Amino acid sequence: YNALISACEKGGQWEKALELFDELQRRGLEPNLIVYDALISACEKGGQWEKALAFFDELQQRGLEPNIITYNALISACEKGGQWEKALAIFDELQ
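Residues numbered from 1 in each chain as written. Predicted model: local features only at pLDDT ≥ 70, side-chain atom pairs only at ≥ 80, totals over all residues. Heavy atoms only, no water.

1. Quick look at the nonpolar core
Within the largest apolar cluster, 30 residues are counted, with the highest numbers of intra-cluster contacts made by I5, F21, L39, I40, F55, L74 and I90. Sorting the residues of this core by element identifies α1 (2–10), α2 (14–26), α3 (33–45), α4 (49–61), α5 (68–80) and α6 (84–94) as the ones contributing at least two each. With 8 residues, the single largest contributor to this core is α3. Not counting residues up to four positions away in its chain, the partners in contact with F55 are L18, F21, Y36, L39, I40 and C43. (Core = buried A, V, L, I, M, F, W, Y, C linked by side-chain atoms within 4.5 Å. Buried < 20%, exposed > 50% of the residue type's maximum accessible area, 1.4 Å probe, protein only. Helix = DSSP H or I, 4+ residues; strand = E, 2+ residues; numbered from the N terminus. Contact = heavy atoms within 4.5 Å.)

This is the structure in structure tokens:
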């Protein structure tokens, strides 16, 4: 699923990436950080900053530790959504 979701992200198919994520969970598989990074990036490319934030919250609730790739995608999603204050707040978390 990592590769499939990443391919959708790179192809700008954020809705298909979300469908694959749902399928992964229906099959009882646990998403890892790579999956979440790809989902957040897919949401960023699709202008879905709110969904990106929701996935960020979800990955932390699952006990996953965001990395620089995660933060970069999330900040970019907020920037593209005109949410510069949120982007700055997320950046401040990295300090």
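2. A word on the packing of aromatic side chains
Evaluated as defined, the whole model comprises 4 aromatic pairs. Connected via pairs of aromatic rings, a cluster forms that spans F21, Y36 and F55. (Phe/Tyr/Trp six-rings, centres within 6.5 Å; stacked < 30°, edge-to-face > 60°.)

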